[in-house]
Amino acid sequence: MAGNRDVILADFQACTDIDDVGEAILHLEGTNWDLLAAINNVMPQNTQQLPSELNRDIEMIEEIKHVSKNSSNTISTLQNKSLNSPKVEILPGTSSSKTLCKSLPGSSRLKEQSKILTFHVHYQSKTVKIEMSDTNTIGDLKLSIFNHTKVPPCQQLLHGWKNEPQTDSITLKSLDLSQKNELFMSLAADAGDHSSEGIKLSDRLSSTYVLNIKDEINNVTYKLNFPGSLTILDVKSNIYTLNDVPVRNQLWKGWPSTLKSDSISLAQSGIPYPEHNLLVDRIPSKEIKKEIIDLVDTDSSIDDQEDGEDYEDAPESFQVDDDIFVEHVQSAKIQHLIPDNTEDEIVGTIHFLEEYKRRYGPVHPQFFTGTFEDAVAESCSKLPRERKLLAVYLHHDNSILANVFCTQLLDFETVLQLLSANFVIWGWDFTYESNKQKFLTSIQQILGSAAAMTVRNIEVDTMPVLMIIMRSRSNTDVFTIIHGNVGVNELLTNLIEAVDVFQEQKQSDIEFEDERQARERVKEEQDQAYQESLAADRAKEEAKQLLEKIEKERKEQAENERLAEQARKEAHRLEVKSNLPPEPPQDVEDVLKIKVRLPSGNVLERRFNTNASLQTLLNFLIVEGYPTEDYKVISSWPRRDLTNVDPFLTLSDLKFCSQETVILEER
């Protein structure tokens, strides 16, 4: 059997001029090693015409000169196999025969009946252009795609068909295709391997998909990032904010044909990860003839009888086609957080809060309802002990970051607790230019031109933002701006940093205020000489109580700072833990065991790969609660402080033995 296949392979390469053995075997396996069928499948890619379409008048001339016996038997077998097969002329070659097909004039009539179709096949980040006769099959198209992409036909999944083909043997003509066609290809493995779906789905839900969406309406291409947990409907809704085409009027190409619902998440949709190409267009509007409306308002006359023949049963037809009049009504868009040209800031903030709750749910920051000036007074203009930070949330509906920022960051429990305890939160919507100018005017009047310039330089793509405003002594100014493209950890870090700086400044202001009040009390005592003794006793008692109160507040402040520092260290520990590689198995080569002797006398043990870096060992100790900033790691022999060594050196570079012991000492 193997010898026969070698002969068939040699004859196939001689007939088709395909030198690549792998490609030749691929074509033969697709036809179960049927030499004639394989030749018929390959020849149309060069001639744009199937051999079976050639005229029966084609003549086969067999001329054998120094041809091997096996080759002659194979060719004669092919001649006897099918009387309907095209005849070919066999001429001698260097090592095998060459096959040339000679068409007579009768074949041109079939060629005139077929047409050439153009396919633009989008795969990953490139587009392949293929021109092919409509008499070819889906299998022929896949073989042509294979020649360009080297993706085997069995792995090709083609999306974007007008009529979905059921098998690869269907001709292109039967699909009623247009002259130019846009197709999207993904790999069969990307469509979802059900055997491993339970393992991969959790990873894909937490991954980010890159969608290259070509907007045919505006002739632009958007490169957007979406979490795998978002649904197809979420993607379409985000595109609605960019091109103002409602979801029900959007026409998409590129989604897998197996999708039946927009509620499916991207991770479950079957699109390839991490990048996929899509096209979006508008569904063509129905043509509403003016005669239909005229027929409703007026009676048909004899002159109009011919035009109204199709509408003799007007009541019945209008019961079916009521929706044709809806096309003239502008589809309802989501209401912005603040209406256009809002003059009263109090009304605007109330509308902002109600619309925010309706859009993003009941879990949200406690927004202050009032003017911006009132918010500044409530947070920054009070006495030092009563002051808070002011967080100004600036929103813009044209930013694709808004939905994620509001639903995944601002409703995070730790973020909400931190904002509630230390901030006054005030919100405003920049979607309308009039409202943006309204806020710029307010902030320039209250905080000055520098703050207004800072806000004016905020780009829409980085919104929404949290602008942190802090009062230091007698100055109130913008401390920092947190943009919408951050994660929860980065947001918390920025907020905690602002709180730490604010608390330190607040304590300084409290002490300054206390000293000022003390000086005033001394002056009052001096002015009231006749009550000096009584006033002195009262002042001592008040001073004692005041010092006790100050000391109590200092202790509370120190405790708060300690808790904040503890929270920071815990956040860092969790981050390091998430990046710490797993402990290698014991029976694997290139593994060493390290014992860490703790200050308490206890011992920690863990296995590490010899090529692991010193930083991996330090990260393990951080996870166990021994951060490098508080502890140093001492090697036993030679004795040295490993925390001062290059952390990127491997354990092998540091000459660690298969069983090593290090000592942990407090700094």
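Trainee: I'd like a rundown of the overall build of the chain, residues and numbers included.
Mentor: Across its full length, the chain carries 21 helices and 19 strands. When each of the 667 residues of the chain is scored for burial, the buried share is 41%. Relative to all contacts within the chain whose residues are 6 or more apart in sequence, the contacts with residues 24 or more apart total 64%. For the chain, the computed accessible surface area is about 38,300 Å², with 48% contributed by carbon and sulfur atoms.

Trainee: Can you break down the environment of leucine 651 residue by residue, with the values?
Mentor: Position of leucine 651 among the secondary structure elements: in the loop between β18 (640-641) and β19 (659-666). Taking the relative accessible area as the measure of exposure, leucine 651 reaches 0% and is therefore buried. It is 8.0 Å that separates the C-alpha atoms of leucine 651 and asparagine 609, two residues lying 42 residues apart in sequence. Residues contacting leucine 651, with those up to four places away along its chain left out, are Leu592, Ile594, Phe608, Asn609, Thr610, Ala612, Ser613, Leu614 and Phe656.

Trainee: Can you explain the sheet that holds strand β8 (residues 220-227)? Please cite residues and give values.
Mentor: With respect to topology, 4 strands assemble into an open sheet ordered β8-β7-β10-β9, the strand pairing being mixed. Looking at the sheet topology across the chains shown, the edges are occupied by β8 and β9 (250-253). Pairs of neighbouring strands in the sheet enclose a mean axial angle of 30°, with direction left out of account. Sheet analysis places strand β7 (residues 208-215) next to β8, joined by 8 bridges and oriented antiparallel. Its bridge partner being in β8, lysine 214 is matched across the sheet by threonine 221. The strands that helix α9 (residues 232-243) touches are β7, β8, β9 and β10 (275-282); relative to β8, the one it contacts most, it runs at about 140°.

Trainee: Got a sec to walk through the packing of helix α17 (residues 433-447) against helix α18 (residues 449-456)? Specific residues and values, please.
Mentor: Look at α17 against α18: their axes get within 7 Å of each other, and the N-to-C directions meet at 150°. Overall, the two elements α17 and α18 adopt an arrangement that is roughly antiparallel. Both α17 and α18 take part in a crossing whose hand is right-handed. Touching Phe439, Leu440, Ile443, Gln444 and Leu447 of α17 are Ser449, Ala451, Ala452, Val455 and Arg456, all from α18. For the contact of α17 with α18, a count of residues per class yields 7 nonpolar, 2 polar and 1 charged.

Trainee: Explain the nonpolar core to me, using residue names and the numbers behind them.
Mentor: Phe372, Leu390, Leu394 and Phe439 are the most contacted members of the largest nonpolar core, which has 55 residues in total. When residues no more than four places from it in sequence are discounted, the contact partners of phenylalanine 439 are Phe372, Val392, Leu394, Trp426, Trp428, Phe430, Val455 and Met467. Membership of the second largest hydrophobic core comes to 26 residues, among which are Val576, Leu614, Val662 and Leu664.

Trainee: Can you lay out the sheet that holds strand β5 (residues 156-159) for me, pointing to particular residues and giving the numbers?
Mentor: Across the sheet, which stays open at both edges, the 4 strands sit in the order β4-β3-β6-β5 with mixed pairing between neighbours. Single-partner strands in this sheet number two, and they are β4 (126-133) and β5. Each adjacent strand pair in this sheet contributes to an overall mean axis angle of 30°, direction not counted. Across the face of the sheet, helix α7 (residues 138-149) comes into contact with β3 (116-123), β4, β5 and β6 (180-187) while running at roughly 140° to β4.

Trainee: Describe helix α21 (residues 614-623), and please don't skip the residues or the numbers.
Mentor: Within an α-helix, residues lying three or four positions from one another point in the same direction, as the helix has 3.6 residues per turn. In terms of residue burial, α21 counts as a mostly covered element, since 9 of its 10 residues are buried. Along α21, the positions that sit buried rather than exposed are Leu614, Thr616, Leu617, Leu618, Asn619, Phe620, Leu621, Ile622 and Val623. At its buried positions, α21 is contacted by α20 (532-579), β15 (591-597), β16 (603-609), β17 (631-635) and β19. Among the residues trailing α21, glycine 625 stands out with phi positive, at a value near 100°.

Trainee: Talk me through the pairing of strand β14 (residues 475-483); I want residue IDs and the actual numbers.
Mentor: Taken together, the 8 bridges between strand β13 (residues 465-472) and β14 define a ladder with antiparallel strand orientation. In the strand pairing of β14, valine 465 is matched with histidine 483. Between the end of β13 and the start of β14, which pair antiparallel, lie 2 residues, with arginine 473 showing a positive phi angle near 55°.

Trainee: Before we move on, could you go through the packing of aromatic side chains and cite the residues and values that matter?
Mentor: Summed over all chains, the structure comprises 18 aromatic pairs. Arranged with centres 6.1 Å apart and planes meeting at 50°, the rings of phenylalanine 367 and tyrosine 393 form a pair that is tilted. Taken together, the residues span a long stretch of sequence, with phenylalanine 367 in the loop between α13 (345-360) and α14 (372-379) and tyrosine 393 in strand β11 (residues 389-395) at a distance of 26 residues. A residue is classified by how much of its surface remains accessible, and phenylalanine 367, at 9% relative accessible area, is buried. In this arrangement the basic side chain of lysine 150 is found over the ring face of phenylalanine 146, its NZ or CZ atom lying 5.5 Å from the centre.

Trainee: Now, about the environment of glutamine 166: what can you tell me, with residues and values included?
Mentor: Mapped onto the secondary structure, glutamine 166 falls in the loop between β5 and β6. A sequence separation of 28 residues divides glutamine 166 from isoleucine 138, and the C-alpha atoms of the two residues are 9.7 Å apart.

Trainee: Account for the side chain of asparagine 277, naming residues and giving values.
Mentor: Assignment of secondary structure puts asparagine 277 in strand β10. Only 3.1 Å separates the side chain of asparagine 277 from the side chain of asparagine 212, close enough to count as a polar contact. Other than its neighbours up to four places away in sequence, asparagine 277 contacts His122, Gln124, Phe184, Asn212 and Gly254.

Trainee: Run through the confidence of the model for the chain, naming residues and quoting values.
Mentor: Residues of the chain with pLDDT of at least 70 account for 79%, and the chain-wide mean is 78. In this model, residues 45-112 is a region of pLDDT below 50 whose contacts with residues beyond four sequence positions or in other chains number 87 contacts. Contacts of residues 190-199 to residues separated by more than four positions or lying in other chains number 6 contacts, the stretch itself having pLDDT below 50.

Trainee: Quick rundown of the pattern of salt bridges? Include the residues and the values.
Mentor: According to the stated counting rule, one finds 22 salt bridges in the structure shown. The closest approach of N and O atoms between lysine 382 and glutamate 378, which form a salt bridge, is 3.3 Å. In this structure lysine 382 comes out as partly exposed when scored by relative accessible area, which is 30%. Judged by relative accessible area, which is 34%, glutamate 378 ranks as partly exposed.

Trainee: Lay out the environment of lysine 595 in plain terms, naming residues and giving numbers.
Mentor: By the element assignment, lysine 595 lies in strand β15. Linking lysine 595 and glutamate 660, residues 65 residues apart in sequence, is a C-alpha distance of 6.2 Å. Apart from the residues lying within four places of it in its own chain, the contact partners of lysine 595 are Val603, Leu604, Glu605, Glu660, Thr661 and Val662.

Trainee: Summarise the packing of α14 against α17; cite the residues concerned and give the values.
Mentor: Viewed as axis vectors pointing N to C, α14 and α17 meet at an angle of 40°, and their least axial separation amounts to 10 Å. Here α17 runs oblique to α14, going by the angle between their axes. Contacts between α14 and α17 involve Phe372, Glu373 and Val376 from the former and Phe439, Ser442, Ile443, Ile446 and Leu447 from the latter. Taken together, the residues of the contact of α14 with α17 break down into 6 nonpolar, 1 polar and 1 charged.

Criteria and cut-off values
Residues numbered from 1 in each chain as written. Predicted model: local features only at pLDDT ≥ 70, side-chain atom pairs only at ≥ 80, totals over all residues. Heavy atoms only, no water. Helix = DSSP H or I, 4+ residues; strand = E, 2+ residues; numbered from the N terminus. Buried < 20%, exposed > 50% of the residue type's maximum accessible area, 1.4 Å probe, protein only. Contact = heavy atoms within 4.5 Å. Areas by Shrake-Rupley, 256 points an atom, 1.4 Å probe, with all protein chains shown as cover. Pairing = 2+ DSSP bridges. Axes fitted to C-alpha atoms, helices over the stretch in contact; angles between N-to-C directions. Parallel < 35°, antiparallel > 145°, perpendicular 65-115°, else oblique. Left-handed = near helix turned anticlockwise from the far one by under 90°. Nonpolar A, V, L, I, M, F, W, Y, C, P; charged D, E, K, R; others polar. Core = buried A, V, L, I, M, F, W, Y, C linked by side-chain atoms within 4.5 Å. Phe/Tyr/Trp six-rings, centres within 6.5 Å; stacked < 30°, edge-to-face > 60°. Lys NZ or Arg CZ within 6 Å of the ring centre and 35° of its normal. Polar contact = N/O pair within 3.5 Å; in protein donor to acceptor, adjacent residues only side chain to side chain. pLDDT = per-residue confidence, 0-100. Salt bridge = Lys/Arg side-chain N within 4 Å of Asp/Glu carboxyl O.

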